[in-house]
Amino acid sequence: MKEYQTITEISGPLVYAEVDEAIGYDEIVEIETAQGETLRGQVLESSEDVVAIQVFEGTSGIDRDASVRFLGETMKMPVTEDLLGRVLDGSGRPIDDGPEIVPEERQDIVGAAINPYSREYPEEFIETGVSAIDGMNTLVRGQKLPIFSSSGQPHSELAMQIARQASVPEEEEGGDDEEGSEFAVIFGAMGITQEEANEFMEDFERTGALERSVVFMNLADDPAVERTVTPRMVLTTAEYLAFEKDYHVLVILTDMTNYCEALREIGAAREEVPGRRGYPGYMYTDLAQLYERAGRIKGREGSVTQIPILTMPGDDDTHPIPDLTGYITEGQIYVDPDLNSQGLQPPINVLPSLSRLMDDGIGEGLTRADHADVKDQMFAAYAEGEDLRDLVNIVGREALSELDNKYLDFADAFESEFIDQGFETNRDIDETLSIGWDLLSMLPKDALNRIDEEFIEEHYREDDSEREVLEAAD
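Here is what the cut-offs are and how they apply
- Residues numbered from 1 in each chain as written.
- Predicted model: local features only at pLDDT ≥ 70, side-chain atom pairs only at ≥ 80, totals over all residues.
- Heavy atoms only, no water.
- UniProt positions renumbered as here; feature names shortened; annotations may be inferred.
- 1 Å grid on protein atoms, 1.4 Å probe; cavity = no way out; pocket = protein on both sides within 12 Å on 5 of 7 lines; lining within 4 Å.
- Points joined across faces, edges and corners; volume = space filled by probe spheres on them.
- Helix = DSSP H or I, 4+ residues; strand = E, 2+ residues; numbered from the N terminus.
- Nonpolar A, V, L, I, M, F, W, Y, C, P; charged D, E, K, R; others polar.
- Domains from an automatic or database assignment.
- Buried < 20%, exposed > 50% of the residue type's maximum accessible area, 1.4 Å probe, protein only.
- Pairing = 2+ DSSP bridges.
- Phe/Tyr/Trp six-rings, centres within 6.5 Å; stacked < 30°, edge-to-face > 60°.
- Expected span 1.5 Å × (residues − 1).

The name an unreviewed UniProt entry gives the protein chain is A-type ATP synthase subunit B, with Halorubrum distributum JCM 9100 as the organism. The UniProt entry for the protein chain carries the following text under Subunit (unreviewed entry): "Has multiple subunits with at least A(3), B(3), C, D, E, F, H, I and proteolipid K(x)." Note on the protein chain: under the UniProt heading Function (unreviewed entry), the record states "Component of the A-type ATP synthase that produces ATP from ADP in the presence of a proton gradient across the membrane. The B chain is a regulatory subunit."

Here's what the structure looks like:
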């Protein structure tokens, strides 16, 4: 293995070195500084006589006397089932003082795209225990469903709640002896503060969720270059557990905005021509390479489901990061600042939220036969109530009809009882739908025009005064 002492330039996280042989793109590099410290990097650009290397640990301490070794292979993640319960840094090294990891395999972190022909259509329900998601925007196994939030919102608490509560209901009923019934969560944190990291770890340990999780932590003061590697490490581990060990894996990535900022920083250091708002023109492709590593494969038990979390700068969903993410993923969950200021937990606004694969993952045999009708009716009633709130500001409640007043009451109750469940409450789908029927029973039967008659007969709750009148009439 050749060693070069030919560093010509250092620019931000990049080191340029002269070479006299062909060096492969993405090849792993070791740089030994004059102080004897070994840093790792990756080839970003390779020409006949000069290569650009991005250094994971940052370039401080590197000078012209440093020696460069090219290892002749791309970056690999050591994978094994024993990773469950472990905490790793952003480039896959253990930071939890546990035993050394003995890998079963070392897999390339770029991953191979799933052949579209081999993909299985996602249509099995994942229960998150959060009514606003399970009831209104259901998550399906193999789906990618991002959470759109903004700075200062409790998206971390929502992520922890989902990581803690998520399960595959039908597998639980089948008992532990069934094949493929295991569920794992892989949590990838990018550019989060030490305080957030401590909160995540405390929650994982307190609730025992760590036992079925693998946690990757790239902190805000870790190098930006490492941040671009973290999600690939996470997804390589997820694919190994899903497609080789038959786990149902839920991948939570937070915060994709920090990941994209790292892309922008590296692009600027390479003096690339910037795209929209300074982000690189290839950001769409780069994000797609990550998000498309979700799904199911025919003939394999396991699945990879993704919940990427991103903070929209200025709460603007036309910003390039949410905009491009929305093109690639199958819906989005909105965390709403107005609902948050009213104290709702979790403050999910269901109206702009969407799960494009929901219709195939609910109904008889999956959730419950009345689920789709109840969801449609609640959406319609809540949207009506929201419109009427604007009208009330102009004309007052007295000018509204009796039915309009019921819609207003419904909208208030929907937020306070259905959405606002608290971050510690785990509701199963029956409880979520039961609360839905309690709320819909505030409206007269003839207003429930999106629900099948037989479901109304079975689930609609007459209030006590009406029941007494009916009994007296009988």
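The structure having been displayed, the exposition proceeds.
Asks: Describe the layout of surface pockets, listing the residues and the values that go with them.
Replies: Of the voids in this model, the largest pocket is the one considered here, and its volume is about 600 Å³. Together, 27 residues line the largest pocket, and Tyr-25, Asp-26, Arg-232, Asp-286 and Gln-289 are the ones closest to its centre. Those elements that place two or more of their residues in the lining of the largest pocket are strand S5 (38-46), helix H5 (224-243), helix H6 (256-269) and helix H7 (283-291). In terms of residues, the lining of the largest pocket owes the most to one element, H7, which gives five residues. Its residues assigned to classes, the lining of the largest pocket shows 14 nonpolar, six polar and seven charged. Viewed by domain, the lining of the largest pocket spans two of them, domain 1 (1-73) and domain 2 (75-358), each represented by three or more residues.

Asks: Before we move on, could you go through the pairing of strand S19 (residues 303-311) and cite the residues and values that matter?
Replies: Extensive coverage of S19 is indicated by the burial of nine of its nine residues. Every second residue of S19 is oriented toward a common face, with Ser-303, Thr-305, Ile-307, Ile-309 and Thr-311 on one face and Val-304, Gln-306, Pro-308 and Leu-310 on the other, all of them buried. The pairing of strand S14 (residues 147-149) with S19 spans three bridges and is classified as parallel. Opposite Ile-147, over in S19, you have Ile-309 as the bridge partner. Looking at chain direction, strand S17 (residues 248-254) and S19 are connected through seven bridges and run parallel. Each bridged residue has a counterpart across the sheet, and for Ile-252 the counterpart in S19 is Ile-307. In the sheet, strand S18 (residues 295-297) pairs with S19 via two bridges, with the strands oriented antiparallel. Paired with Arg-296 across the strands is Ser-303, a residue of S19. In this antiparallel pair of consecutive strands, S18 and S19, the connection spans five residues, and Gly-299 shows a positive phi of 85 degrees.

Asks: Can you tell me about the pairing of S17, naming the residues and giving the values?
Replies: Burial of S17 is extensive: seven of the seven residues sit out of reach of the surface. Residues His-248, Leu-250, Ile-252 and Thr-254 of S17 are buried on one face, and the alternating residues Val-249, Val-251 and Leu-253, pointing to the opposite face, are buried as well. Pairing of strand S15 (residues 183-192) with S17 involves seven bridges; the strand directions are parallel. Directly across from Gly-188, in S17, lies its bridge partner Leu-253.

Asks: Any details on the packing of aromatic side chains? Residues and values, ideally.
Replies: Taken as a whole and judged by the stated rule, the model has seven aromatic pairs. On the basis of an interplanar angle of 40 degrees and a centroid distance of 4.6 Å, the ring pair of Tyr-382 and Phe-414 is categorised as tilted. Residue Tyr-382 is located in helix H11 (residues 371-395), and its partner Phe-414 is located in helix H12 (residues 402-419); the two are separated by 32 residues in the primary sequence. In terms of burial, Tyr-382 and Phe-414 fall into one category: buried. An aromatic cluster is built from Tyr-382, Phe-410, Phe-414 and Phe-418, whose rings are joined through pairwise contacts.

Asks: Could you give an account of H5, with specific residues and numbers?
Replies: The end-to-end C-alpha distance of H5 is 30 Å, a good match for the 28 Å that 20 residues give at a rise of 1.5 Å each. Across the 20 residues that make up H5, a large majority, 20, are buried.

Asks: How would you explain unusual backbone geometry if you had to name every residue and give the values?
Replies: At the junction of Thr-254 and Asp-255, the peptide bond is cis and its omega measures out at 10 degrees in the coordinates. Here the bond from Gln-345 into Pro-346 is cis, since omega is -10 degrees, no more than 30 degrees from zero. The topology assignment puts Pro-346 in the loop between helix H9 (337-341) and strand S21 (348-355). Of note, the phi angle at Asp-26 is positive, near 75 degrees, even though the residue is not glycine. Given the relative accessible area of 16%, Asp-26 is considered buried. Although it is not a glycine, Asp-97 sits at a positive phi angle of roughly 60 degrees. Relative to the assigned elements, Asp-97 resides in the loop between strand S9 (87-89) and strand S10 (105-108). By relative accessible area, which is 80% here, Asp-97 ends up exposed.

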